[in-house]
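The chain contents come next:
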Amino acid sequence: MTRAMGAAMRRIHVGNALSAFGLGFTVPYLYVYVAQVRGLGAMTAGLVLAVFAVAALIVLPFAGRAIVRRGPRPVLLAALVTAAVGALSLGLASSSTAVLLSAAALGAGQAVMQPALATMIVDCSTADTRSRAFAMQFFLQNLGLGVGGLIGGHLVDSTRVDSFTLLFSIEAAVFLLLAVVMATVRMPHSPRMEGAPAQSAKGSWKQLLGNRAMVQLSVLGFVLFFACYGQFESGLSAYGVEAAGISTSALGTALAANTLMIVVAQFAVLRFVERRRRSRVIAAVGLIWAVAWVMAGYAGLGHGSREMATAAFVSTYALFGLGEAMLSPTVAPLVADLAPTGMAGQYNSAFALVKQLALAVGPAVGGPLGASLPAPYIVTFLLFSLGITFLALRLGRQLTAVQDQPWRGRSRVVARGGAAAEPVVAEA
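Quick notes on the rules
Starting from 1, residues in each chain are numbered consecutively following that chain's sequence as written. Confidence filtering applies because this is a predicted model: local features only for residues at pLDDT of at least 70, side-chain atom pairs given and counted only at 80 or more, and all residues used for totals across whole chains, interfaces and linings. Side-chain calculation: all heavy atoms of the structure are included, whereas hydrogens and water are not. To qualify as a helix, a DSSP run of H or I must reach at least 4 residues; to qualify as a strand, a run of E must reach at least 2; elements of each kind are numbered from the N terminus. Exposure is judged per residue with a 1.4 Å probe applied to protein chains only, and the accessible area is read against the type maximum: over 50% gives exposed, under 20% gives buried, and values in between give partly exposed. The method behind every accessible area is Shrake-Rupley, applied with a 1.4 Å probe, and residues are considered shielded solely by the protein chains displayed. Cavity means a closed set of points on a 1 Å grid over the protein atoms alone, one where a 1.4 Å probe fits but cannot get out, pocket means an open set with protein on both sides within 12 Å along at least 5 of 7 lines, and lining means a residue has an atom within 4 Å of a point. Grid points are joined across faces, edges and corners, and a volume is the space filled by probe spheres set on the points. Note on residue classes: Ala, Val, Leu, Ile, Met, Phe, Trp, Tyr, Cys and Pro are nonpolar, Asp, Glu, Lys and Arg are charged, and everything else, Gly too, is polar. Any two rings among Phe, Tyr and Trp, with Trp reduced to its six-membered ring, count as a pair given centres within 6.5 Å; such a pair is stacked if its planes are under 30 degrees apart, edge-to-face if over 60, and tilted if neither. Note on definitions: salt bridges are taken to be side-chain nitrogens of Lys or Arg within 4 Å of carboxyl oxygens of Asp or Glu. Expected span, for any helix, means 1.5 Å times one less than how many residues it has. Here a polar contact means two N or O atoms within 3.5 Å. Within protein one must be a hydrogen donor candidate and the other an acceptor candidate, and residues neighboring in sequence count only if both atoms are side-chain atoms. Axis definition: a line fit to C-alpha positions, over the contact stretch in the case of helices; interaxial angles, taken between N-to-C directions, run 0 to 180 degrees. For classification purposes, angles smaller than 35 degrees are called roughly parallel, those larger than 145 roughly antiparallel, those between 65 and 115 roughly perpendicular, and all remaining angles oblique. Here, nonpolar core means buried Ala, Val, Leu, Ile, Met, Phe, Trp, Tyr and Cys residues that are tied together by side-chain atoms lying within 4.5 Å of each other. Working rule for contacts: check all heavy atoms of both residues, and any pair within 4.5 Å makes them a contact.

## Concerning the overall build of the protein chain
Here comes step 1: Counting its secondary structure elements, the protein chain contains 17 helices and zero strands.
Here comes step 2: In the protein chain, buried positions account for 55% of the 428 residues.
Here comes step 3: Carbon together with sulfur atoms contributes 66% to the accessible area of the protein chain, which is approximately 17,700 Å² in total.

## Here we look at empty space enclosed by the protein
Here comes step 1: This structure, assessed with the given rule, holds one cavity of 30 Å³ or more.
Here comes step 2: Volume-wise, the largest cavity comes out at about 60 Å³.
Here comes step 3: Lining the largest cavity are ten residues, and of these Ser 131, Val 273, Glu 274, Arg 278 and Pro 329 lie nearest its centre.
Here comes step 4: For the lining of the largest cavity, the residue count by class is four nonpolar, two polar and four charged.

## Let's talk about helix 2 (residues 30–37)
Here comes step 1: The complete set of buried residues in helix 2 reads Leu 30, Tyr 33, Val 34, Ala 35 and Val 37.
Here comes step 2: Two residues or fewer after helix 2 comes Gly 39, characterised by a positive phi angle close to 65°.

## A short note on the packing of aromatic side chains
Here comes step 1: Across all of its chains, the model carries 16 aromatic pairs by this definition.
Here comes step 2: Three or more aromatic residues joined by ring pairs form one cluster here, namely Phe 222, Phe 226, Tyr 239, Trp 289, Trp 293, Phe 320, Tyr 377, Phe 381 and Phe 384.

## Focus on the pattern of salt bridges
Here comes step 1: For the structure on display, the rule yields five salt bridges.
Here comes step 2: Notably, a salt bridge pairs Arg 130 with Asp 337, separated by 2.8 Å at the nearest N-O pair. Linking Arg 130 in helix 6 (residues 130–155) with Asp 337 in helix 14 (residues 331–338), this pair joins segments that are 207 residues apart in sequence. No difference in accessibility class separates Arg 130 from Asp 337, as the two residues are buried.

## What to know about helix 9 (residues 212–229)
Here comes step 1: With 18 residues, helix 9 should reach 26 Å at 1.5 Å per residue; the first-to-last C-alpha distance of 25 Å fits that figure.
Here comes step 2: Along helix 9, 13 of the 18 residues are buried, which leaves the element largely enclosed by surrounding structure.
Here comes step 3: With a side-chain oxygen lying 3.2 Å from the backbone nitrogen of Ala 213, the N-terminal cap of helix 9 falls on Asn 211.

## A look at the packing of helix 12 (residues 278–301) against helix 16 (residues 374–396)
Here comes step 1: The N-to-C vectors of helix 12 and helix 16 enclose an angle of 170°; their axes lie 7 Å apart at closest approach. Accordingly, the angle class assigned to the pair helix 12 and helix 16 is roughly antiparallel.
Here comes step 2: A per-class count over the contact of helix 12 with helix 16 returns 19 nonpolar, six polar and one charged.

## Points about the nonpolar core
Here comes step 1: Among the nonpolar cores identified, the biggest contains 118 residues, and Met 182, Leu 217, Leu 220, Leu 236, Trp 289 and Phe 313 are the most heavily contacted of them.
Here comes step 2: The element that contributes the greatest number of residues to this core is helix 5 (residues 96–123), accounting for eleven residues.
Here comes step 3: Excluding anything up to four places from it in sequence, Leu 236 contacts Gln 231, Trp 293, Ala 296, Phe 313, Thr 316, Tyr 317, Phe 320 and Tyr 377.
Here comes step 4: Core analysis: the next-biggest nonpolar cluster, separate from the first, contains five residues, Leu 60, Ala 111, Ala 352 and Leu 353 among them.

Now the structure itself:
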């Protein structure tokens, strides 16, 4: 990595931390703010949360195209300004219409930040440094979310509207500060992979859907996000409270265990996965999460003591954190390596769209199932986790040797993406 790339990457990592801080600062308190503080009711509060997902699904297909045409930095700056306007207006909004429009602007802006920042990481890294860069991104995102939620929780007072206005104003200021930081980033040119075919940056969604490996990775990504991230604050928490009798304080401990596992294990895990086949790392995550669901099953369906049930439930969240730490340096770099030259923005946006779909469907399915049908809930997501292993091993047969084992390309000049037209099947 050149000095210019290193300087740009440091600013990008600051951007990742600040964007996550802004998200964690307000999102946990949106429901209380809309339903109780503004007195707009539970239905409007639920619509606000739905608007976040819908706004993301609307803008992400266009975000990828814009990143390809304009570059990630201008798109990121536009997203930051949009999110800042949305946050500030949300803190001042007092009617249902104003709240929903503000939430749409905030949700759209935050949704576009993710693929834009990911594309900037791709542009400022090589295959040799990309896994570590994405691991650092994931670490800082979790740190930012945790710190933002902690500070935001101490600032808000459900009896005072002005405390929430201050909260959203600070969030808007954070996004504008991030825009200033990102405006100073000088994007270097990434090296090119030896022998990679030059492809037009004007590629279409049809071209992306013609990439069998990317389609399979997208299906795998949907299952990953649906079976894990889509259950954290919906199905799994409902299951824990209703079936396992977990207290709210124990649920908070479980969430803390998940974050702690990521923070402690991230870079230790990185050393392990860097020399392993990406497809097999993802397959291993499926097995780890299967064990996590077995532990959750014991917590709610076993006949142990309350203490044993709580320990098993906390272990479930910790095991999910271990899997997340293994995925962060694996999946995002793989998306980048599957993208033809100049198409990383579109591929990142497509994968972000898949994530948003999974996060929208996951709670809708998991919440009611976890609360009312605990045994089928556990069996269903145990099978989904085993499905992750199957899909990952199947994906491995579509990847070239360098895509699945990136260290093989470290002696060559490496670029962003550029899958061969005739993929070489990775060795068994």
